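# Chains, contacts and geometry: an overview
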Amino acid sequence: MPTLLVVEDEPVLLETLEYNLQREGYQVLTATDGWTAVEIARRERPDLVILDVMLPGIDGFEVCRMLRRDSTVPILILTARTEEVDKVVGLEMGADDYVTKPFSMRELLARVRALLRRERMLREELAAERAQGRERLVFGDLVIDDASRTVYRRGEPVSLKPKEYDLLLFLARHRGMVLSRDLILERVWGWDFIGGSRTVDVHIRWLREKLEDDPANPTRIVTVRGVGYRFEG
Ligand code: CA
């Protein structure tokens, strides 16, 4: 079963979360401050982190940023106030989802399951792609032929730079899924890439200019506010 790290400084809530998650069969690690959370996450490599924002020491935002330096572990933020939600969304800090306190345990468990499912799918797809080799993807008048690394739109080849192609292929293989900038960076550019997540935004813009009827109002590659992008087909 997956291992979850729960970071929360309110003892009653922490205990409630731990109890309910364990009852679902998860292994649960806990931390009550930010530094401990970072330390445990780096040492134990949990499958998902549930992270409160207001913490003693370093807050949840900083913990999130620190974890994102070397990990794409799904992070579910617990926020108490509307302004915190704005900050989560506005700063694009690399969290995958959030719930606002007070929340129902059922809702939280559903979010946890969804995040773990998405992560598992991504891993399985990656393995399947490697096993299968190359493919041809068709989305209406858009065709991605991976054998020749060529993209056709309305039957005409589209000129793409190598990274634009890699990005499009990654998005297309995960059609309908919300993909964070960090995840895209890791999978398309790789860990050793120095540039920031703005690189993703720039390449998305170039792709839209080449693939969308109206690049200002994209319908193929849509923005998911505060999170990343979703390929619609
Ligand atoms: Ca707190």
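Please read these numbers as outputs of a predicted model, since none were measured by experiment. (Residues numbered from 1 in each chain as written. Predicted model: local features only at pLDDT ≥ 70, side-chain atom pairs only at ≥ 80, totals over all residues. Heavy atoms only, no water.)

### Observations concerning the pairing of strand β8 (residues 150-153)
In terms of strand pairing, strand β7 (residues 142-145) meets β8 through 4 bridges, oriented antiparallel. When the sheet's bridge partners are listed, Val143 is paired in β8 with Tyr152. The antiparallel pairing of β7 with β8 creates a hairpin that spans 4 residues between the two strands, and Arg149 there sits at a positive phi of about 50°. Where β8 meets strand β9 (residues 156-158), 3 bridges bridge the pair, whose relative direction is antiparallel. Following the sheet pairing, Val151 is matched in β9 by Val158. (Pairing = 2+ DSSP bridges. Helix = DSSP H or I, 4+ residues; strand = E, 2+ residues; numbered from the N terminus.)

### Remarks on the coordination of the calcium ion
Listed as protein donors to the calcium ion are Asp9 (OD), Asp52 (OD) and Met54 (O); their distances from the metal cover 2.1 to 2.3 Å. Along the chain, the residues donating to the calcium ion are arranged with the sequence spacing D-x42-D-x1-M. Here Met54 falls in the partly exposed class, since its relative accessible area comes to 45%. (Donors = N, O, S within 2.8 Å, 3.2 Å for Na, K, Ca; no water. Buried < 20%, exposed > 50% of the residue type's maximum accessible area, 1.4 Å probe, protein only.)

### Examining the sheet that holds strand β11 (residues 221-224)
If you walk across this open sheet you meet the 3 strands as β10-β12-β11, and the pairing is antiparallel. Edge strands, defined here as strands with exactly one partner in the open sheet, are β10 (178-180) and β11. Strand-to-strand twist in this sheet, taken as the mean axis angle between neighbours without regard to direction, amounts to 35°. Across 3 bridges, β10 lies against strand β12 (residues 228-231) in antiparallel orientation. Residue Leu179 lies in a different strand from β12, and its bridge partner there is Tyr229. With respect to the sheet, helix α6 (residues 162-173) is in contact with β10, β11 and β12, its orientation differing from that of β12 by roughly 70°. Each of β10 and β12 touches helix α7 (residues 181-189); the most contacted strand, β10, lies at about 75° to it. (Axes fitted to C-alpha atoms, helices over the stretch in contact; angles between N-to-C directions. Contact = heavy atoms within 4.5 Å.)

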